[in-house]
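One-letter residues, chain by chain:
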Amino acid sequence: MDWTKLNMKEVSYYCTSFDIDFDCLPVSDQIKQLIGIFYYYDITQFAVDDIQKFYKKMQLHNARSGKLVNPSPAQIRKVIEKVNSVQSTSENCYTILCASEGTKWYSIGIKQAYERNRIQ
């Protein structure tokens, strides 16, 4: 995956802001939104380990336990299998076919953040 396509300032805001509460979502919903974030930045190909790297890079904590979120490859694949806008290209690689609800919510959240001067 081409990490340079992500605007890390925007992504970091979205995933860590109290305005969004991304960390309060179940991990399955976080992964679905993450796929939408990838698509927002025109990243249409990703692998299971890209999602794992994302969680390590962002250092996201579970809102209830306070522990770092570290989804297993099996957990990630199970979630992805339920996403209609994603197609498997091999055991651990996927193609995003179209925008999802995650893309819509990310777009709205980032737009509002700029309007409220939360992102400079």
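How each quantity is defined
- Residues numbered from 1 in each chain as written.
- Predicted model: local features only at pLDDT ≥ 70, side-chain atom pairs only at ≥ 80, totals over all residues.
- Heavy atoms only, no water.
- Helix = DSSP H or I, 4+ residues; strand = E, 2+ residues; numbered from the N terminus.
- Rg over C-alpha atoms; globule rule 2.2 N^0.38 Å.
- Buried < 20%, exposed > 50% of the residue type's maximum accessible area, 1.4 Å probe, protein only.
- Salt bridge = Lys/Arg side-chain N within 4 Å of Asp/Glu carboxyl O.
- Pairing = 2+ DSSP bridges.
- Disulfide = S-S within 2.5 Å.
- Axes fitted to C-alpha atoms, helices over the stretch in contact; angles between N-to-C directions.
- Parallel < 35°, antiparallel > 145°, perpendicular 65-115°, else oblique.
- Contact = heavy atoms within 4.5 Å.
- Nonpolar A, V, L, I, M, F, W, Y, C, P; charged D, E, K, R; others polar.

Colleague: Could you give an account of the overall build of the protein, with specific residues and numbers?
Modeller: For the protein, the count of helices and strands is five helices and three strands. Computed over the C-alpha atoms, the radius of gyration of the protein is 14 Å, within 12% of the 14 Å expected from 2.2 N^0.38 for a compact globule of 120 residues. Considered along the principal axes of its C-alpha atoms, the protein spans approximately 40 × 30 × 25 Å. In the protein, which comprises 120 residues, the share counted as buried stands at 40%.

Colleague: So what about the pattern of salt bridges? Which residues, and what values?
Modeller: Evaluation of the coordinates by the stated rule reveals two salt bridges. D19 is the salt-bridge partner of R118, the closest N and O atoms lying 2.5 Å from each other. In this pair, R118 sits in the segment after α5 (101–115) while D19 sits in the loop between α1 (8–16) and α2 (27–40), placing the two residues 99 residues apart along the sequence. By relative accessible area, which is 46% here, R118 ends up partly exposed. Given the relative accessible area of 39%, D19 is considered partly exposed. For K53, the salt bridge is made with D49, and the minimal N-O distance between the two is 3.7 Å. Remark: D49 and K53 occur in helix α3 (residues 48–58); sequence separation between them is four residues, near one turn of the helix. For K53, a relative accessible area of 42% corresponds to the partly exposed category.

Colleague: Residue-level account of the pairing of strand β3 (residues 93–96), with values.
Modeller: In terms of strand pairing, strand β1 (residues 45–47) meets β3 through three bridges, oriented antiparallel. Counterpart to F46 in the pairing with β3 is Y94. Sheet analysis places strand β2 (residues 86–88) next to β3, joined by three bridges and oriented antiparallel. In the sheet register, V86 faces β3, and the bridge partner there is I96. Between β2 and β3, which pair antiparallel and follow one another directly, the connecting turn spans four residues.

Colleague: So, the state of the cysteines: which residues are in play, and what are the values?
Modeller: Throughout the structure, instances matching the rule amount to zero disulfides. Of all cysteine sulfurs, the one in C15 lies closest to C24, which takes part in no disulfide; the gap is 13 Å. The thiol sulfur of C98 is not disulfide-bonded, and the nearest other cysteine sulfur, from C93, lies at 19 Å.

Colleague: Requested: an account of the packing of α2 against α3, with residues and values cited.
Modeller: Two elements in contact, α2 and α3, have axes whose closest approach is 11 Å; the angle formed by their N-to-C orientations is 100°. Judged by the angle between their axes, α2 and α3 are roughly perpendicular. Facing α2, whose interface residues are V27, Q30, I31, L34 and F38, α3 presents I51, F54 and Y55. Here the residues of the contact of α2 with α3 are counted per class, giving seven nonpolar, one polar and no charged.

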